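Remarks on the overall topology
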Amino acid sequence: MKVEEKTIRKKFDKLNSDNIPKPNLLLHCFNAFWVGGLICIIGQFISDVFSKMGIPKDELGTYVSIVMVFLGAVLTGIGVYDKLGDFAGAGSVVPITGFANSIVSPAMEFKKEGFVFGVAAKMFIIAGPVLVYGIGSSVIVGILYYFLRW
Amino acid sequence: MGRRVGLQTVEIESKPRIIGTYNIVGPKEGQGPLREYFDKILDDDLNGTESFEKAESSLLYTAISESIKKAKLKEVDINYLLAGDLLNQLSSSCFAARDLNIPFIGLYGACSTMAESLSVGSMIMEGGLAHYVVAATSSHFSSAERQFRLPLEMGSQRAPTAQWTVTGAGAMVLGKKGDFPYVTHVTTGKVKDYGIVDVNNMGVAMAPAAVDTIKQHFMDTGRKPSDYDVIATGDLGIIGREFTEKLLLEYKYDMKGHYIDCGEKIFDPKRQGTNAGGSGCGCSAVVATGYLFKNMLQGKFKRILLVSTGALLSSTSSLQGETIPGIAHAVSIEFGGE
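Residues numbered from 1 in each chain as written. Chains lettered and ligands numbered in written order. Predicted model: local features only at pLDDT ≥ 70, side-chain atom pairs only at ≥ 80, totals over all residues.

Notes on the overall build of chain B
Counting secondary structure elements, chain B contains eleven helices and 15 strands. Against the 2.2 N^0.38 benchmark of 20 Å for 338 residues, chain B shows a C-alpha radius of gyration of 18 Å, consistent with a compact globule. Projected onto its principal axes, the C-alpha positions of chain B cover 55 × 50 × 35 Å. Taking contacts inside chain B between residues at least 6 apart in sequence as the whole, the part at least 24 apart equals 79%. (Helix = DSSP H or I, 4+ residues; strand = E, 2+ residues; numbered from the N terminus. Rg over C-alpha atoms; globule rule 2.2 N^0.38 Å. Contact = placed C-beta atoms within 7 Å.)

Here it is, written out as structure tokens:
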């Protein structure tokens, strides 16, 4: 009985391409859609309430963002947002509440390493790259816009 | 004196006995299907400490000191403590050893540490260099997540192939005498890497190492799967276990009816949301000292093969795009009758 390791590896590669379970995309899209949508509806509701209270239109966005970030942070703090994220995926990651979650969760996690090298240094491990490339690309677009004004 | 058989196996003739074992697990493991086999189930996964790293260390300390008590020994009687864990610089083991009055050798084999420490311990015993040796290991879900993955409260989805690190520690005391299960063979594995890069697919990444070690054990000893009541891999999970079974068929070894995976056994994936199963050093440690060892004592299993499996990646290597090397070590344990 002589079986070469090459045969085993070939079989392994075949199993690996056929037998790895895939996430249920349709279900995940559906959950992401309605949870993400619901978060947006809440945002819109808050926007409408502020608007009724007489907040000027160009400041509304800032007010709504502040409230949504606050909600995201609170839900992270009380241990709800990670469960929501597991259920809704991108539906809870993409809205600004997800951004709050990505900053608050490492801040909580690394508190044990102290306020300087723990909380402060690790706070942006997830949001950091988003900020770097978000701000970076907005600068590039800004430069392009300056030269190619249409 | 022991002798080498075949390429990678050592026959342990002095039959070092496993004279005391102890395991301790977190709340989630305590709700799993193997709950009745655990010596202690925690209500609080911090175990009264202020960080998860300290908690893991306290679990390991408890497992080691309680296993020594169970063997009716004192710390000074133990000649070597062989232990390891997943954290950087083996911190759980080193900090547990700090509070123990035992000469300490730290071992890193990722999740293969239970079989690794038991292997090395048996060989030291066989050499007549120790009266008593303790082999132990631990892992903690939250400390492993901190080191290898994302913050706990971060809202993200787990892949279907992802595994859940077991919170738990297990220890075994090896001695020379008594009517206890004993080690007969040790097969030391080679590192195998078939090019998996996905850190959420560790069971599959480790499967080639498990296949190689199990195959080599059979070739070296001339045994076959049916010679064992149970062959237990450490933490391949549901998918890795299927891979291993299928790949061993290529070598004409049919594992059906003789094969379990500790990671698959320890959780109920549907009820507990653990996807592909359990993982971590603690996984094979608590299943070996619990389900396997206790069933041996009751005479249900007469001969078992413990094959703990480890994924030898680091958080740096995976960021640099390295593939995941795997390792597996096998220890054959017998009790009660030929």
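Let us keep going from here.
Considerations on the interface of chain A and chain B
Tallying the contact residues gives 32 residues for chain A and 27 residues for chain B. When residues of the side of chain A that touches chain B are traced back to their parent elements, those giving at least two are helix H1 (5-18), helix H4 (81-88), helix H5 (90-93) and helix H6 (96-109) of chain A. Taken together, the residues of the side of chain A that touches chain B sort by class into 14 nonpolar, twelve polar and six charged. (Nonpolar A, V, L, I, M, F, W, Y, C, P; charged D, E, K, R; others polar.)

Observations regarding the domain arrangement of chain B
Residue and element names in this part refer to chain B. Here chain B is described as being made up of domain 1 (3-175) and domain 2 (182-334). Just the C-alpha atoms count here: the centres of domain 1 and domain 2 sit 16 Å apart. With 59 residues of domain 1 at the interface, the matching set in domain 2 holds 60 residues. Elements supplying a minimum of two residues to the side of domain 1 that touches domain 2: strand S2 (9-11), strand S3 (17-25), helix H1 (27-30), helix H4 (113-126), strand S7 (133-139), helix H5 (141-148), strand S8 (164-165) and strand S9 (168-175). Looking at which element gives the most residues to the side of domain 1 that touches domain 2, the answer is H4, with eight residues. Here the side of domain 1 that touches domain 2 is composed, by residue class, of 28 nonpolar, 23 polar and eight charged. (Domains from an automatic or database assignment.)

Side note on the nonpolar core
Residues Ile64, Val134, Val287, Leu292, Ile304, Leu306 and Val307 of chain B are the most contacted members of the largest nonpolar core, which totals 112 residues. Two domains each provide a minimum of three residues to this core, namely domain 1 (3-175) and domain 2 (182-334) of chain B. Discounting residues that sit within four places of it in the chain, leucine 306 of chain B has contacts with Ala115, Ala232, Ser284, Ala288, Leu292, Ala330, Val331 and Ile333 of chain B. In terms of nonpolar packing, the next biggest core, distinct from the first, is built from six residues, Phe99, Ala100, Val104 and Ala107 of chain A among them. (Core = buried A, V, L, I, M, F, W, Y, C linked by C-beta atoms within 7 Å. Buried ≥ 20, exposed ≤ 12 C-beta atoms within 10 Å, placed from the backbone.)

Topic: the pairing of S3 of chain B
Residues and elements named next belong to chain B. Most of S3 sits out of view: nine of its nine residues are buried. Note that S3 and strand S4 (residues 40-41) share two bridges and pair parallel. Considered in S4, the bridge of isoleucine 24 is made with lysine 40. (Pairing = 2+ DSSP bridges.)

Regarding H5 of chain B
Because the α-helix completes a turn every 3.6 residues, residues three or four places apart line up on one side. Residues of H5 of chain B that are buried: Phe141, Ser143, Ala144 and Arg146 of chain B. Elements that come into contact with the buried residues of H5 of chain B comprise H6 of chain A together with helix H2 (52-70), S7 and S8 of chain B.

Some remarks on the packing of helix H2 (residues 25-52) of chain A against helix H3 (residues 57-77) of chain A
All names here are of chain A. Two numbers describe how H2 lies on H3: the axes approach to 9 Å, and their chain directions differ by 130 degrees. The angle between H2 and H3 places the two elements in the oblique class. Here H2 runs over H3; the crossing is right-handed. Each of Gly43, Ile46, Ser47, Phe50 and Ser51 in H2 lies in contact with H3, whose residues at this interface are Leu60, Tyr63, Val64, Val67 and Met68. (Axes fitted to C-alpha atoms, helices over the stretch in contact; angles between N-to-C directions. Parallel < 35°, antiparallel > 145°, perpendicular 65-115°, else oblique. Left-handed = near helix turned anticlockwise from the far one by under 90°.)

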